[in-house]
Amino acid sequence: MAIEPYQSPFADEVDVILDDEWLLRRVYPGFLDWEHRDPDGRPRVKAGAFQDYGEEQAVKLSYESPAMSVAIRCLVDAVTNPSELLATFGPAYGLVAITAGEARALNQGVMWRPVEGEPWHAIVFDKAVRRRKSTAQSGLALAATQRWLIVPPDPRS
Amino acid sequence: MASAPVVRPTRNVLSDNEWRPAGGASTLGVPAMLSSRNVQLSARAFWPRSWFWIDRITDRLLDLMHLPTGWDSYGARAVKREAADRTLQLLINVLDEWSALPDLLATSDGGVLLEWFTPDQELRIDVPATGTPTMFYRGPGGTWEGDLDEGSPDVRELVFRITGS
């Protein structure tokens, strides 16, 4: 019996969130690799920074399937500044960006999903599988490593 | 997937009294403490007394089990005991005394993420609390991703290929 191909419950809003739109993502300090830096001294972003929510958390947030939170930069800029996204999490967290087009090139969809107090909130989801696989996580991390917004201080210095 | 031949590191042969049991080993019948903390990890395996990294890995896993909820700023939970046990078991099975240790990270679902990385190659293993671990390898010959089972590439060989140890 043939297995039905996965159909994401989310919609990739290509006409709402254009390919050149920046999507911002906080990075937990443990997902920063200070051993491998770019020429400007900024750390590599580990692929683990681009995981979907866990199943329990997705249910708690009333998501139909696991997905990953991001902030749409133009909407953040309209009401505050990107540094506010880190305000309650301490100076060790970083902020990186990918473009919607980079995500789509990895078979990801992007959907505007505002939440209370965060009108800029959106989700990135995998269009082919329920949870994002490592290949796509790596691709997103590679893109993000080239587009740092806020680099935290090196914890070793 | 790269198919270049790999020199397999030699595993020393040890006598019975050079090995010690991990907690929960079926021949003992009682779990052994792997840490002085309140939480114990167990693995159904034996390892040589000289394996210095067991304590390091155990401490790191216990740290991950005590992460606060929401540690990633997106609501992720701490590593589950079952995932930590399975990770310890897996590492005992695939590493040698002098193998390069992976970076151990938490997943958003309470699993453990193992990562060996160099700019040219990387190996990641996602160990969930339940279900089949998955593996991702990127190297000169391309990438491989799938379940970690009998049909997947040899982890020890890949670690040696990436790290040289």
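Residues numbered from 1 in each chain as written. Chains lettered and ligands numbered in written order. Predicted model: local features only at pLDDT ≥ 70, side-chain atom pairs only at ≥ 80, totals over all residues.

**Q** Pulling in residues and values, what's your account of the interface of chain B and chain A?
**A** Many analyses report the size of an interface as the accessible area lost when the parts associate. Taken together, the contact between chain B and chain A spans 21 residues of the former and 23 residues of the latter. Among the elements that line the side of chain B that touches chain A, the one with the most residues is strand S4 (residues 112-117) of chain B, at three residues. Among the residues making up the side of chain B that touches chain A, the classes are represented as eight nonpolar, six polar and seven charged. (Contact = placed C-beta atoms within 7 Å. Helix = DSSP H or I, 4+ residues; strand = E, 2+ residues; numbered from the N terminus. Nonpolar A, V, L, I, M, F, W, Y, C, P; charged D, E, K, R; others polar.)

**Q** So what about the environment of Trp-120 of chain A? Which residues, and what values?
**A** Residue and element names in this part refer to chain A. Positionally, Trp-120 belongs in the loop between strand S6 (108-112) and strand S7 (121-126). Looking at Trp-120, the number of C-beta atoms within 10 Å reads 22, which means it is buried. Once the C-alpha coordinates of Trp-120 and Gln-7 are considered, the two residues, 113 residues apart in sequence, prove to be 25 Å apart. Beyond its immediate sequence surroundings of up to four residues, Trp-120 is in contact with Ala-71, Ile-72, Leu-75 and Val-76. (Buried ≥ 20, exposed ≤ 12 C-beta atoms within 10 Å, placed from the backbone.)

**Q** Help me get a handle on the sheet that holds strand S5 (residues 94-99) of chain A, residues and values and all.
**A** All names here are of chain A. The sheet built from six strands is open, its strands ordered S6-S7-S4-S1-S5-S8 with antiparallel pairing. The outermost strands of the open sheet, each flanked by one partner alone, are S6 and strand S8 (148-150). When strand polarity is set aside, the average angle formed by the axes of neighbouring strands in this sheet is 35°. Here strand S4 (residues 68-72) runs beside S7; their pairing, made up of four bridges, is antiparallel. Opposite Ser-69, over in S7, you have Ile-123 as the bridge partner. Contacts from helix H4 (residues 134-145) reach strand S1 (22-27), S5, S6 and S7 within the one sheet, and its direction differs from that of S5 by about 105°. (Pairing = 2+ DSSP bridges. Axes fitted to C-alpha atoms, helices over the stretch in contact; angles between N-to-C directions.)

**Q** Quick one: what's the story with the packing of helix H1 (residues 53-65) of chain B against helix H2 (residues 81-94) of chain B, residue by residue and with numbers?
**A** Helix-helix packing is described using two parameters, namely the angle between the two axes and the distance between the axes. Residue and element names in this part refer to chain B. At a minimum axis separation of 10 Å, H1 and H2 run at an interaxial angle of 160°. Accordingly, the angle class assigned to the pair H1 and H2 is roughly antiparallel. The crossing of H1 and H2 is right-handed. From H1, Ile-57, Thr-58, Leu-61, Leu-64 and Met-65 reach across to H2, where they touch Arg-81, Ala-84, Thr-87, Leu-88 and Leu-91. Taken together, the residues of the contact of H1 with H2 sort by class into seven nonpolar, two polar and one charged. (Parallel < 35°, antiparallel > 145°, perpendicular 65-115°, else oblique. Left-handed = near helix turned anticlockwise from the far one by under 90°.)

**Q** Before we move on, could you go through the pairing of strand S5 (residues 122-127) of chain B and cite the residues and values that matter?
**A** Residue and element names in this part refer to chain B. Counting buried residues along S5, six of its six residues qualify, which places the element largely inside the surrounding structure. Burial along S5 is two-sided: the face carrying Glu-122, Arg-124 and Asp-126 and the face carrying Leu-123, Ile-125 and Val-127 are both buried. Judged from the six bridges that link them, S4 and S5 form a sheet pairing that is antiparallel. Along S5, the bridge assignment pairs Leu-113 with Asp-126. Joining the antiparallel neighbours S4 and S5 is a turn of four residues. Bridging between S5 and strand S6 (residues 134-139) involves five bridges; their strand directions are antiparallel. Looking at the pairing, Asp-126 lines up with Thr-134 of S6.

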